[in-house]
Amino acid sequence: MIRVLFLCLGNICRSPLAEAAFRAHVEARGHTDRFVIDSAATSGHHAGEPPNPGSIRVARAHGLDISAQRSRKLVAADLRQFDFIVPMDRSNQRALIDLPAHRRPLVREFDPECLGTLDVPDPWGGGPEGFEEVWAILVRSVPGLLEHIQHNGKQV
Ligand code: 4NP
């Protein structure tokens, strides 16, 4: 079993979409049984809350229902139990400094259209186009992320 956790600040906007996009990609390849996929927050501010309406809406527009997800804060046990923890930006990545680099790649390291920042922009408080942009980044990034995980799966 390969355990993959997506991480952002609130676990209500970006990481719930990353969890959904990665799960859909894995499922489309018939690998669902090999993975445990989850998401978490570096902050506890939104613990217990469902995803932001903008994230629920963009997922639904792409055929996925994320409304049952609930925000939770990253705990120390996650660092041991997940083989890969994938932060949405470099600020989130700081919580993972104790992990070997191959176990904490930024999701945008795998975005073939990433020209500038390696951060997924935070759409919180903005309009629907921000959530669409996050979704587009994630859809472009998850194939490369899955390859990275498959190539590094035995080194954890
Ligand atoms: P997320 O977005 O990290 O993608 O879930 C945010 C959610 C909440 C806040 C900031 C970003 N906040 O400041 O409460």
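Turning to helix H2 (residues 53-61), a few remarks are in order. A turn of α-helix holds 3.6 residues, and therefore any two residues three or four places apart point the same way. Residues Gly 54, Ser 55, Ile 56, Val 58 and Ala 59 constitute the buried set of H2. Those residues of H2 that are buried lie in contact with helix H1 (14-28) and helix H5 (128-152). With a side-chain oxygen lying 2.7 Å from the backbone nitrogen of Gly 54, the N-terminal cap of H2 falls on Asn 52. Looking one or two places after H2, you find Gly 63, whose phi comes out positive at around 85°.

Turning our attention to the environment of Ala 20. Positionally, Ala 20 belongs in helix H1. Looking at Ala 20, the relative accessible area reads 7%, which means it is buried. With 129 residues separating them along the chain, Ala 20 and Ile 149 place their C-alpha atoms 17 Å apart. If near-sequence neighbours (up to four positions away) are discounted, Ala 20 is found in contact with Leu 64 and Ile 66.

A few words on the site of the ligand. Looking at the ligand, the residues that line it are Cys 8, Leu 9, Gly 10, Asn 11, Ile 12, Cys 13, Arg 14, His 46, Asp 122 and Trp 124. At a separation of 3.2 Å, an oxygen atom of the ligand approaches a polar backbone atom of Asn 11. Within the complex, 87% of the 360 Å² of free accessible area of the ligand lies under protein. Taking a 2 Å distance to the grid points as the criterion, the majority of the atoms of the ligand fall inside the largest pocket.

All right, on to the pairing of strand S3 (residues 84-87) then. Burial along S3 is two-sided: the residues Phe 84 and Val 86 and Ile 85 and Pro 87 are all buried. The sheet contact formed by strand S1 (residues 2-8) and S3 spans four bridges and is parallel. Looking at the pairing, Leu 7 lines up with Pro 87 of S3.

This brings us to the packing of H1 against H5. At a minimum axis distance of 9 Å, the contact between H1 and H5 shows a crossing angle of 50°. As judged from the angle between their axes, H1 and H5 are oblique. For the pair H1 and H5, the sense of crossing is right-handed. Taken together, the residues of H5 that come into contact with H1 (itself represented by Arg 14, Leu 17, Ala 18, Ala 21, Phe 22, His 25 and Val 26) are Phe 131, Val 134, Trp 135, Leu 138, Val 142, Pro 143, Leu 145, Leu 146 and Ile 149. Each residue belonging to the contact of H1 with H5 can be placed in one class, and the counts come to 14 nonpolar, one polar and one charged.

Definitions and limits used
The numbers attached to residues start from 1 for each chain and follow its sequence in the written order. With the structure being a predicted model, the display of local features is reserved for residues of pLDDT at least 70 and the display and counting of side-chain atom pairs for 80 or more, all residues being used for whole-chain, interface and lining totals. With hydrogens and water stripped out, all remaining heavy atoms of the structure feed into the side-chain values. The rule is simple: take the accessible area with a 1.4 Å probe, protein chains only, and divide by the maximum for that residue type; under 20% is buried, over 50% is exposed, in between is partly exposed. Helical segments are the DSSP runs of H or I of at least four residues, strand segments are the runs of E of at least two, and each set is numbered from the N terminus. When checking whether two residues touch, look at their non-hydrogen atoms; a contact exists if any pair is within 4.5 Å. Within 3.5 Å is the distance limit for a polar contact, defined as a pair of N or O atoms, with the added protein rule that one can donate a hydrogen and the other accept it, and that residues adjacent in sequence qualify only through two side-chain atoms. If even one non-hydrogen atom of a residue comes within 4 Å of a molecule or strand, that residue is called near it. Residue exposure ignores everything except the shown protein chains as possible cover, and the areas themselves are Shrake-Rupley values with a 1.4 Å probe. Space inside and on the surface of the protein is sampled on a 1 Å grid over the protein atoms alone, with a cavity defined as a set of points where a 1.4 Å probe fits but cannot get out and a pocket as an open set with protein on both sides within 12 Å along at least 5 of 7 lines; lining residues have an atom within 4 Å of a point. Think of it this way: a molecule belongs to a cavity or pocket when more than half its atoms come within 2 Å of the grid points there. When DSSP finds at least two bridges between two strands, those strands are taken to pair. Axis angles are defined between N-to-C directions and span 0 to 180 degrees, where every axis is a line fitted to C-alpha atoms and, for a helix, only to the segment in contact. These descriptions rest on fixed angle ranges, namely under 35 degrees for roughly parallel, over 145 for roughly antiparallel, 65 to 115 for roughly perpendicular, and the rest for oblique. When the near helix sits turned anticlockwise from the far one by under a right angle, the crossing is termed left-handed; a clockwise turn instead gives a right-handed crossing. In the scheme used here, Gly and all other residues not listed as nonpolar or charged are polar, with Ala, Val, Leu, Ile, Met, Phe, Trp, Tyr, Cys and Pro taken as nonpolar and Asp, Glu, Lys and Arg as charged.

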